[in-house]
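Residues per chain, in single letters:
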Amino acid sequence: NEWALVADIAAAWQGFFATIELNYRENGVHGGQDVEIFGWMAQLGYMVIPETLEIAFRAANVDWDHSTNRSSRRSYLVILNYFLELHDMKVQAEFGRIERHFHDHDDNIDEWRIRLQFQIMF
């Protein structure tokens, strides 16, 4: 009783990169109701130094409609990527706003995030 539908599109042109992604998922029966999850993400980036340094802006939302807590999560981030070996080895820094909203608005959590990560693929 679980299924998902995902669609995305990406484009690159003269140092600019844009991507949009849509996700829908239904997770069978949960407490008598199906759990329906809808999410989207949009990102726009520019290679400040070709193949080395990228700055990007990302907005995303995930909505757990009909779930037990009826929550959603939104993020608005500024991202810096430093590519050492393309995507096989990079350092990524993120700064932005993360908002978690619940059915009971008193439980809402809005916070700022700073995250630094190192990625290596082999």
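What comes next concerns the included structure. (Residues numbered from 1 in each chain as written. Predicted model: local features only at pLDDT ≥ 70, side-chain atom pairs only at ≥ 80, totals over all residues. Heavy atoms only, no water.)

**A short note on the overall build of the protein**
When helices and strands are tallied, the protein shows 0 helices and 7 strands. Order of helices (α) and strands (β) in the protein, N terminus to C terminus: β-β-β-β-β-β-β. Taking all 122 residues of the protein together, 25% fall into the buried category. Sequence-distant contacts in the protein: of pairs separated by 6 or more residues, those separated by 24 or more amount to 34%. About 8,500 Å² of surface is accessible on the protein, with carbon and sulfur atoms providing 59% of the total. (Helix = DSSP H or I, 4+ residues; strand = E, 2+ residues; numbered from the N terminus. Buried < 20%, exposed > 50% of the residue type's maximum accessible area, 1.4 Å probe, protein only. Contact = heavy atoms within 4.5 Å. Areas by Shrake-Rupley, 256 points an atom, 1.4 Å probe, with all protein chains shown as cover.)

**Quick word on the pattern of salt bridges**
Here the structure, examined in full by the defined rule, presents 7 salt bridges. When the shortest N-O distance is used, the salt bridge between Glu 94 and Arg 115 registers 2.8 Å. Of the two residues, Glu 94 sits in strand β6 (residues 89-101) while Arg 115 sits in strand β7 (residues 109-120), which places them 21 residues apart along the sequence. According to the relative accessible area criterion, Glu 94 is buried, its value standing at 4%. Look at Arg 115 and you get partly exposed, because its relative accessible area is 34%. Of the charged contacts, one joins Arg 100 and Glu 111 as a salt bridge, the two residues approaching to 2.7 Å between their closest N and O atoms. One end of the pair, Arg 100, is in strand β6; the other, Glu 111, is in strand β7, and 11 residues separate them in sequence. When salt bridges that share partners are traced, they join Arg 58, Glu 94, Arg 113 and Arg 115 into one network. (Salt bridge = Lys/Arg side-chain N within 4 Å of Asp/Glu carboxyl O.)

**A word on the environment of Met 89**
In this fold, Met 89 is placed in strand β6. Taking relative accessible area as the criterion, Met 89 reaches 26% and is therefore assigned partly exposed. Considering only alpha carbons, one finds Met 89 and Ile 120, 31 residues apart in sequence, at a separation of 4.5 Å.

**Overview of unusual backbone geometry**
Of note in the backbone geometry, Gln 14 takes a positive phi value of approximately 45° without being a glycine. When you line up the elements, Gln 14 lands in the loop between β1 (2-13) and β2 (16-30). One non-glycine residue, Leu 86, adopts positive backbone phi at about 50°. Residue placement: Leu 86 occurs in the loop between β5 (72-85) and β6.

**Some remarks on the side chain of Gln 92**
Mapped onto the elements of the fold, Gln 92 is located in strand β6. For Gln 92, the side chain forms a polar contact with the side chain of Asn 81, separated by 3.0 Å. Of note is the side chain of Gln 92, whose polar atom sits 2.8 Å from the side chain of Gln 117. Leave out the neighbours within four places in its chain, and Gln 92 touches Arg 58, Ile 79, Leu 80, Asn 81, Arg 115, Leu 116 and Gln 117. (Polar contact = N/O pair within 3.5 Å; in protein donor to acceptor, adjacent residues only side chain to side chain.)

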